[in-house]
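# Overview (structure and organization)
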Amino acid sequence: MLKSTLHLFLLVVFISLYGCQSGSHKTITFADNVVVAHRGAWKQKNLPHNSIAALKHAINLGCTGSEFDVRMTADNVLIVTHDADYHDLIIEKSTYAQLSKFKLSNGETLPTLRDYIIAGMQNNDSTGLVCEIKPSKTEGRNTLMAENVLKLVKELRAENYILSYISFSYAILQRIKELDANARTQYLDGSKPPKRLIEDGITGLDYLVYKYKVKPEWITSAKEKGLILNVWTANSIEDIDWFLANDFDYITTDEPELVFERSEKSPTKRGYKLVWSDEFNYQGKPDSTKWAYDYGFLSNREEQYYTDSLKNVRVENGSLIIEAHKEKIANAKYKSDEFKNKSWVQYIAEIDTAQYTSARLKTDGLASWKYGRIEVKAKLPRGVGLWPAIWMLGENRKEVGWPECGEIDIMEHVGFNPDSIFGTIHTKAFNHMKGTEKGKKIFIEKPYDTFHVFAVEWTPEKMDFILNDTVYNHIKNEHKTIAEWPFDQEFYLIMNVSVGGMLGGQKGIDDSVFPQQMVIDYVRVFQQKE
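Cut-offs applied
Residues numbered from 1 in each chain as written. Predicted model: local features only at pLDDT ≥ 70, side-chain atom pairs only at ≥ 80, totals over all residues. Heavy atoms only, no water. Helix = DSSP H or I, 4+ residues; strand = E, 2+ residues; numbered from the N terminus. Buried < 20%, exposed > 50% of the residue type's maximum accessible area, 1.4 Å probe, protein only. Areas by Shrake-Rupley, 256 points an atom, 1.4 Å probe, with all protein chains shown as cover. Lys, Arg positive; Asp, Glu negative; His and termini not counted. Charge placed at Lys NZ, Arg CZ, Asp CG, Glu CD. Axes fitted to C-alpha atoms, helices over the stretch in contact; angles between N-to-C directions. Parallel < 35°, antiparallel > 145°, perpendicular 65-115°, else oblique. Left-handed = near helix turned anticlockwise from the far one by under 90°. Contact = heavy atoms within 4.5 Å. Nonpolar A, V, L, I, M, F, W, Y, C, P; charged D, E, K, R; others polar. Core = buried A, V, L, I, M, F, W, Y, C linked by side-chain atoms within 4.5 Å. Polar contact = N/O pair within 3.5 Å; in protein donor to acceptor, adjacent residues only side chain to side chain. Phe/Tyr/Trp six-rings, centres within 6.5 Å; stacked < 30°, edge-to-face > 60°. Lys NZ or Arg CZ within 6 Å of the ring centre and 35° of its normal.

Along its length, the chain carries 13 helices and 28 strands. By its C-alpha atoms, the chain is 110 × 50 × 45 Å across when sized along the principal axes. Across the 530 residues that make up the chain, the buried fraction comes to 55%. For the chain, the exposed area adds up to about 23,600 Å²; of that, 51% sits on carbon and sulfur atoms. For the chain, the distance from the average position of its 65 positive side-chain charges to the average position of its 72 negative side-chain charges is 2 Å.

Pasting the structure below:
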């Protein structure tokens, strides 16, 4: 009886231990977020990269994935570490016994892949393992590593815990697919277009940040082909927000806490989808498929002459520059009947020589939108007499005129009031000619030195004007007539830097400040998903 009881006890212990290691006793449902902790979540707690402690912290944070690096020692032990050498020992030429004499900075033993996977399966029901297999230059070793990794995963019954296999080696990924048709694989190198990946059975892209920025068409192509979209390593707010806006499946990051924070603030969190944008990741003239120009003197008794000269408008270093200059242009003529106000036309037509030049871009005839979130990240020009604006007009302006078409001023700023911006609507019932426009201002800190996000969120029921994350002007649709709410139609976007004018010139123009720039990091338009 004692012997039978002992056998039963040992069997229970064996099953318990084996079940804990194999993962066969439970399934994993990956968390519903984009966050993949790069080499684990190490930064906030100052943990070693690729340590089991960093993996555990990623699990505690609830990351969808935790990435780690795999190499193989001279005696074919799979270990988790990034570099090809460890404490001045070449990993491929050293045994695990030699390497493991050196502890990680937190006292951990250099983890084997076996120990790492087992740790990743314990008390974890939502964080997948993202296994990067580091390539070797030794012939035949890449294939052997791929085979050994999959053999170990199968032995531990950890297949469900592997979110994906990633590598800079195409051969490694292809061998993984040969061995396990269900394995998710992502290529890291960034050299192959989505079409090639789908042809070769690779299930996703995991490219460096700048690769997507110089080839944004690959994002569209990957989505069309149903490929997984991942990026490494996105750590800045600017990059994180861009990949969130572009609806990436995963964002691999050293800053998982920051990605969680930005995810909560992203328009995509509220059901918005990016439908149009210009990130200005090119050089020279603005993209002619997205932007048109206004020319000459236009309106509001402004004193600048609008041109399309590179001196006044250009894209450089990842930003759009709209630049105002103090310079004369002889025989400058009025070229627009924009607001059909005869007194303004007569006033401007009398000016034979322009004293200032600038630029005004618009999407008129190229893109327009009915409802959505329109946001622009920009730094403003400095100086009394400057009047930068980001605004919208109804597409029917040429038919019905202004203000019947409606106007949405997402952001206006005047240089004589340097700590404020304005958000305003103009309609037939509410406009500045009557003094009835609906506008409010908000304090803005360092508008000339710091980029800020200026946005409007516009629905059939309301218009919210936003500075960064703060709504400062909320206008409800009172459902009266089109005179009060002409906003149930498409509007196009305008961006310009004016000089002087009925508002900007109220306290004169300081000629000593020129030239001055409005620097625009990006323009993004989101609309609610259908």
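Packing of helix 5 (residues 141-155) against helix 6 (residues 170-179) leaves a shortest axis separation of 9 Å and a crossing angle of 40°. By the criterion of interaxial angle, the relationship of helix 5 to helix 6 is oblique. When the axes of helix 5 and helix 6 are compared, the crossing they make is right-handed. Across the interface between the two elements, Asn-142, Thr-143, Ala-146, Glu-147 and Leu-150 from helix 5 touch Ile-172, Arg-175, Ile-176 and Leu-179 from helix 6. Of the residues contributing to the contact of helix 5 with helix 6, the split by class is five nonpolar, two polar and two charged.

Looking now at the nonpolar core. Counting residues in hydrophobic clusters, the biggest one holds 51 residues, and the most contacted among them are Ile-408, Phe-454, Met-463, Met-495, Met-518 and Ile-520. A per-element tally of this core places strand 27 (residues 491-499) first, with five residues.

We now examine the side chain of Glu-323. Residue position: Glu-323 is located in strand 16 (residues 319-330). Note on Glu-323: relative accessible area 7%, which makes it buried. A distance of 2.8 Å separates a polar atom in the side chain of Glu-323 from a polar atom in the side chain of Arg-314. Leave out the neighbours within four places in its chain, and Glu-323 touches Lys-311, Asn-312, Arg-314, Thr-357, Ser-358, Pro-515, Gln-516 and Gln-517.

Further remarks concern helix 10 (residues 237-245). Within helix 10, seven of the nine residues are buried, which leaves the element mostly enclosed by the surrounding structure. When helix 10 is considered as a whole, its buried residues turn out to be Asp-239, Ile-240, Asp-241, Trp-242, Phe-243, Leu-244 and Ala-245. Directly after helix 10, the chain includes Asp-247, whose backbone phi takes a positive value near 60°.

A word on the environment of Asn-468. Here Asn-468 is to be found in the loop between strand 25 (462-467) and strand 26 (470-476). Considered as a pair, Asn-468 and Ala-455 are 13 residues apart in the sequence and their alpha carbons are 7.6 Å apart. Once residues within four sequence positions are removed from consideration, Asn-468 is found in contact with His-452 and Val-453. Looking at Asn-468, its side chain comes within polar contact range of the side chain of His-452, at 3.1 Å.

Before going further, it helps to examine the packing of aromatic side chains. Under the defined criterion, the tally for this structure stands at 20 aromatic pairs. For the pair Tyr-170 and Tyr-187, a centre-to-centre distance of 4.9 Å together with 70° between the ring planes defines the contact as edge-to-face. Residue Tyr-170 is found in helix 6, and its partner Tyr-187 is found in strand 8 (residues 185-187); the two are separated by 17 residues along the sequence. In this structure Tyr-187 comes out as buried when scored by relative accessible area, which is 5%. Cluster of aromatic residues (ring-pair linked, three or more members): Tyr-170, Tyr-187, Tyr-207, Tyr-212, Trp-218, Trp-242, Phe-243 and Phe-248. Directly above the aromatic system of Trp-242 lies the positively charged group of Lys-213, at a separation of 5.6 Å from the ring centroid.

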